[in-house]
Amino acid sequence: MPQVDRRTVVVLALLVCLCPVIGHAQSDARLWTDKTGKFQVSAKLIEHNETQVKLQKSDGRVITVPLNILSPADAKFVRELDAEPVNPFAGGEPMTPATPDRKLAPSPSGSFPQRSTTEELPTDGTEIYINVDETMPAVQPDPGVGGFQFAEFARPIEQLDAYARVSQPILVDPAVPVFAVSTHRNGNAVSPAHFGHVFLTTKGNKQPKLAFESDETFLLLDHNIAYDRSVAMIGVDSPSDRGGDLAVMDGLSNGSPRVVARWHLPEWQKPGFKPKAEFATMLDGTRALVQVNSSIYCWSLDDGKCHFLIQRVPATGKVAVSAGGRFLAISVSGGTQMIDVASAELIGKIPFPGTLTPEVRFSPDGSRLAMAAGNQVAVWNLQSAGMEMEETVETPIGRLVGWVGDDALLSQFALIDLEMAQAVWKYHLPSGGKEMTFPGGFVCIDKNARPAMITSLPLPHGAIAKVKQQLKNAGNDMLLLGPGGKVSLEVSGIKGVDEQVMEDALREAVEKAGWNVVPNADIKVVATITRGEKQVLNYRPIGASFRSEGETVNLKPYRASLKVVQGDTTLWQRSSENMVPFIIRLNAGESIKHAVKRYEKADPEYFKRVNIPPKIIKPEHRSIVGTSRIQNGRWVDF
């Protein structure tokens, strides 16, 4: 069944290039159209060269647009300008008004600047557009700070209730190592407790050190080790982490940090949902990459300058920054767009199988990018500009946590060995996604422990080395089904579903996995479409009171199931059901009932989109791959 995103995002992607200007044009505004004909903008042409134009929109913002995505008529208009003489006195830029001094310096009182003196961060930087499908060229690796020394420990943080929030673990000093974590809570009717805390923890200290305490909520986002400078949010709402101001902090590693600058996020006074800092990286001593709602900004936090911005980042897109801060990866449907942060250029797109939007992680040495979604994993080599690995694994990926050394990836559900291209151990990680990987280890926050814990554990842990050796020794003997294996097909659909379409789609998926379809084969691939239980959905117009009754509609979803079976034994299975978004946009004259009906339909093409793992392990070998969870600060196998 089709998987429906909960937000509709339309992205017109253009490319920003910093190229020598060879022409200026008339100052009159004209209507510009892209080559698809779907997007238009009224703007003045202020600069152009053989590959791009620079346009000033009616709101004063300047955008840079590649010629190859303009309409043929507009591209011709620009090329013909080169035949005309260039007026040396045309153009010009308005004078930039003086801005208040915002140098990074400690506040005289050591406290936060008053909110009345805090300024709003600008959004007037050069805009980079991210859906130009340029081929990704080879680039040099971008390693970060080395010298990480793994240490195993488990330390309590503090007692937290369900209303408190906790940050990711943040590496502050790789040599010891030292990690920071923040906790915060808004007072409410249940408890008046209202606080923002930052703790530092190491193996040598039995209790984390309370390094920072605030009467406002405080959410630590990132720390730049070389400059000992951090970026955080002050005054966020604890249930949603929305609202608040962006802050810069100095000296976290020495245990006596101080806030040295504070900024309002864009549209901080806009009615409705407050802005939310989804992601932030401190690139150096002044520059930070910050995702606010669906836009990414590169700001200098000493003077507030906006170097560039990327708007309309896909709702399902994930963001990662290379260890040295040079590359920004933004996942999109069917791949990952790569940005060179220093030059503010879109470098190219790294492909990912199918149309899924992958999670992305750079390797510690900055030479490779891992992408994962569904049960697909791909690794791109930045130096050779080629795919090192592309595999469909038997175990679902879930959340991609990160690299474990150079040859393994940790996901929400398993450790994936890249050489063997399969899961070699399964893990039950603490909920909440507050974790990160390092060479030789894994650090996580378990908020649900009493008290909350920060835990650093080795990866791979002791049992895995033996399992990997057993799997390697077994080789192809451990496979019940592998490339070239023989299977038969079986389809079953309810009334109104075209079973021939189902079978054709299933055959395509099976052949993509590398299997051969043979009548009466012992192993069957079975596809079915059925109806699920009736569901009752309620919709209210946007802006209506929560007490409004809204409109109730019924949905009886279609369910698609796919199994690989041998006799009565299920070897592998996947299923999908109709998804109806929480927010539905109605067409002109359309009722809620008819809008919901758009999603209530069978989708026999679903079976073509499923990625079947090419290797199915024999049941007797599956027991080799164990499962672990964290209990009392250590791995427990079960």
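For the structure, see preceding data.
What counts and what doesn't
Residues numbered from 1 in each chain as written. Predicted model: local features only at pLDDT ≥ 70, side-chain atom pairs only at ≥ 80, totals over all residues. Heavy atoms only, no water. Helix = DSSP H or I, 4+ residues; strand = E, 2+ residues; numbered from the N terminus. Buried < 20%, exposed > 50% of the residue type's maximum accessible area, 1.4 Å probe, protein only. Contact = heavy atoms within 4.5 Å. Areas by Shrake-Rupley, 256 points an atom, 1.4 Å probe, with all protein chains shown as cover. Patch = residues over 30% accessible without salt bridge, like charges linked within 9 Å, V, L, I, M, F, W, Y side chains within 5 Å. Salt bridge = Lys/Arg side-chain N within 4 Å of Asp/Glu carboxyl O. Core = buried A, V, L, I, M, F, W, Y, C linked by side-chain atoms within 4.5 Å. Pairing = 2+ DSSP bridges. Phe/Tyr/Trp six-rings, centres within 6.5 Å; stacked < 30°, edge-to-face > 60°. Lys NZ or Arg CZ within 6 Å of the ring centre and 35° of its normal. Axes fitted to C-alpha atoms, helices over the stretch in contact; angles between N-to-C directions. Polar contact = N/O pair within 3.5 Å; in protein donor to acceptor, adjacent residues only side chain to side chain.

A. Up close: the overall build of the chain. Summing up its helical and strand segments, the chain has 6 helices and 46 strands in all. Within the chain, buried positions represent 51% of all 638 residues. Contacts spanning at least 24 positions in sequence make up 57% of the contacts within the chain whose residues lie at least 6 apart. Accessible area for the chain stands at about 30,100 Å²; split by element, carbon and sulfur atoms hold 50% of it.

B. Broad picture of a nonpolar patch on the surface. On the surface, Ile542, Phe582 and Ile583 cluster together into a nonpolar patch covering about 390 Å² of accessible area. In this structure, Phe582 sits in the loop between β43 (569-577) and α4 (592-597). The exposure class assigned to Phe582 is exposed, which follows from its relative accessible area of 63%.

C. Structural context of the nonpolar core. Counting residues in each nonpolar core, the largest one holds 33 residues, and the members touching the most others are Leu289, Ile310 and Leu328. Those elements giving two or more residues to this core turn out to be β2 (40-48), β3 (52-57), β4 (62-66), α1 (72-81), β19 (295-300), β20 (306-310), β21 (319-321) and β22 (327-332). In terms of residues, this core owes the most to one element, β22, which gives 3 residues. Leu289 has contacts with Phe279, Ala280, Thr281, Leu283, Ile296, Tyr297, Cys298, Phe308, Val321, Leu328 and Val341, leaving out every residue within four places of it along the chain. One finds Val491, Ala505, Val510 and Val564 within the second-largest nonpolar core, a separate group that totals 26 residues.

D. Examining the sheet that holds strand β13 (residues 218-224) more closely. Overall, mixed pairing links the 5 strands, which are arranged β5-β16-β15-β14-β13 in an open sheet. A single partner strand is all that each edge strand has here, and the edge strands are β5 (119-120) and β13. Looking at chain direction, strand β15 (residues 245-250) and strand β16 (residues 258-264) are connected through 6 bridges and run antiparallel. Along β16, the bridge assignment pairs Asp250 with Arg258.

E. Broad picture of the packing of aromatic side chains. If you walk through the whole model with that rule in mind, you get 9 aromatic pairs. In this arrangement the basic side chain of Arg30 is found over the ring face of Trp32, its NZ or CZ atom lying 4.6 Å from the centre. Between the NZ or CZ atom of Arg531 and the centre of the ring of Tyr558, over which it lies, the distance is 4.0 Å.

F. Quick peek at the sheet that holds strand β32 (residues 422-428). Taken together, the 6 strands give an open sheet; going across it, the order is β29-β30-β31-β32-β45-β46, and neighbouring strands pair in mixed fashion. The open sheet has two edge strands with one neighbour each: β29 (400-403) and β46 (634-637). Averaged over all pairs of adjacent strands, the angle between their axes in this sheet comes to 25°, without regard to strand direction. For strand β31 (residues 414-417) and β32, the ladder comprises 4 bridges, and the chain directions are antiparallel. Bridge assignment links Leu415 to a residue of β32, and that residue is Trp425.

G. Representation of the pattern of salt bridges. The tally for this structure, following the rule as stated, stands at 23 salt bridges. A salt bridge links Arg185 to Asp161, with the shortest nitrogen-to-oxygen separation between them at 2.8 Å. Within this pair, whereas Arg185 is found in strand β10 (residues 178-185), its partner Asp161 is found in the loop between β7 (153-156) and β8 (165-166), the two being separated by 24 residues in sequence. The partner of Arg262 in a salt bridge is Asp245, with the nearest N and O atoms 2.8 Å apart.

H. Up close: the side chain of Asn375. Relative to the assigned elements, Asn375 resides in the loop between β26 (368-373) and β27 (376-381). Once residues lying within four places of it in the same chain are set aside, the contact partners of Asn375 are Glu391, Thr392, Val393, Thr395, Pro396, Ile397, Trp572, Arg574, Asn611 and Pro613.

I. The environment of Ser591, seen in detail. Summarising the element assignment, Ser591 is placed in the loop between β43 and α4. For Ser591, a relative accessible area of 27% gives the class partly exposed. On a C-alpha basis, the gap between Ser591 and Glu551 in space is 9.9 Å, while along the polypeptide they are 40 residues apart. A polar contact is formed between the side chain of Ser591 and the side chain of His594, at a distance of 2.8 Å.

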